[in-house]
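Inside the fold
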Amino acid sequence: MFRPKLPDTPHVPSITTHIPQDHAPAPSAGHSVAPFVGVGAGAVAAVVVVGVVLTALLAAVAVSAVSVAIAAVVLRSLVTGANRR
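Helix and strand counts for the protein chain stand at one helix and zero strands. Per-residue burial over the protein chain gives 0% buried out of 85 residues. Roughly 8,400 Å² of accessible area belongs to the protein chain as shown, and the carbon and sulfur atoms make up 73% of that amount.

Written out as structure tokens, the structure reads:
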């Protein structure tokens, strides 16, 4: 009753393609993998930078929340102290 009914998908026939036999040879073991390592290191550096920025923002929000809470407690004590006089 609560499960959605999915529409029936029509069957798509598979398409066969002809792959030519005169393709380029596989790269030899002498090729450098430095560009791929550079991309991986750049991605890791980007993740680390984003993590540091988000952590700094979270710390700033936490410090702001604590300071607002302390200010609220001080103002409340001042207001209740003024009412008792």
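Don't stop here, the text continues.
Attention now goes to a nonpolar patch on the surface. Nonpolar side chains collect at one region of the surface, where V49, V50, V53, L54 and L57 lie side by side and expose about 460 Å² of accessible area between them. For V49, a relative accessible area of 51% translates into the label exposed.

Rules and cut-offs
Residues numbered from 1 in each chain as written. Predicted model: local features only at pLDDT ≥ 70, side-chain atom pairs only at ≥ 80, totals over all residues. Heavy atoms only, no water. Helix = DSSP H or I, 4+ residues; strand = E, 2+ residues; numbered from the N terminus. Buried < 20%, exposed > 50% of the residue type's maximum accessible area, 1.4 Å probe, protein only. Areas by Shrake-Rupley, 256 points an atom, 1.4 Å probe, with all protein chains shown as cover. Patch = residues over 30% accessible without salt bridge, like charges linked within 9 Å, V, L, I, M, F, W, Y side chains within 5 Å. Salt bridge = Lys/Arg side-chain N within 4 Å of Asp/Glu carboxyl O.

By themselves these figures say nothing about function.
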